[in-house]
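Residues per chain are reported as follows:
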Amino acid sequence: QVQVAESGGGSVPPGGSLRLSCQVSERTVSTKCVGWFRQGPEIEREGVATIRRVVGAPFIADSVKGRFTIAQDNVKNRVYLQMNNLKPEDTAIYFCAASLTDADCYTGLTRVDRGLYSVWGLGTQVTVSS
């Protein structure tokens, strides 16, 4: 059974950086896409980034493009979300989620498709404030 778990959240001032880590319980071929989503008191759950595991192809949501990047370490079975130039609007719980099929990773991300991204972690809090 595939499981994911997030870590790396915290509190930072505006303009700061954080790197979140998603630990995946299975090897790369077992998780076709791994995405990052966020949800806060003032925002509905939205996708921020995803990566197609086998080829390492990244997809970044327009709302965070230029500030966030996604990468993977296949040896450690981890997917990272590097967040730079953080803004108060980025405050949210950040979730890692994995897909088990070869569907459209990017479309599933933008639509927050829980059918595609079927395995979710419990989330890690990111707070951006001065």
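For the structure itself, consult the block above.
Attention here is on the structure that accompanies the text.

Cut-offs used in this document
Residues numbered from 1 in each chain as written. Predicted model: local features only at pLDDT ≥ 70, side-chain atom pairs only at ≥ 80, totals over all residues. Heavy atoms only, no water. Pairing = 2+ DSSP bridges. Helix = DSSP H or I, 4+ residues; strand = E, 2+ residues; numbered from the N terminus. Disulfide = S-S within 2.5 Å. Buried < 20%, exposed > 50% of the residue type's maximum accessible area, 1.4 Å probe, protein only.

1. Thoughts on the pairing of strand S5 (residues 43-52)
Where strand S4 (residues 33-40) meets S5, seven bridges bridge the pair, whose relative direction is antiparallel. By the bridge assignment, tryptophan 36 is partnered in S5 with alanine 49. Linkage of S4 to S5, two consecutive antiparallel strands, is achieved through a turn of two residues. Here S5 pairs with strand S6 (residues 57-60) via four bridges, running antiparallel. Within S6, the residue paired with isoleucine 51 across the bridge is proline 58.

2. Here's the deal with the state of the cysteines
Here the structure, examined in full by the defined rule, presents two disulfides. Each disulfide pairs two cysteine sulfurs, and for cysteine 22 the partner residue is cysteine 96, the sulfurs being separated by 1.8 Å. An S-S torsion of about -65° defines the bridge between cysteine 22 and cysteine 96 as left-handed. Note that cysteine 22 is positioned in strand S3 (residues 18-24) and cysteine 96 in strand S9 (residues 92-99), a separation of 74 residues in sequence. When sorted by exposure, cysteine 22 lands in the same class as cysteine 96, which is buried. Here cysteine 33 is linked by a disulfide to cysteine 105, with a sulfur-sulfur distance of 1.8 Å. Judged by the sign of its S-S torsion, about -65°, the cystine formed by cysteine 33 and cysteine 105 is left-handed. Taken together, the residues cysteine 33 in strand S4 and cysteine 105 in helix H1 (residues 105-110) connect sequence positions 72 residues apart. The class of cysteine 33 is buried, set by a relative accessible area of 0%. For the chain, the disulfide bridges join cysteines in the arrangement 1-3, 2-4, where the cysteines are counted in sequence order.

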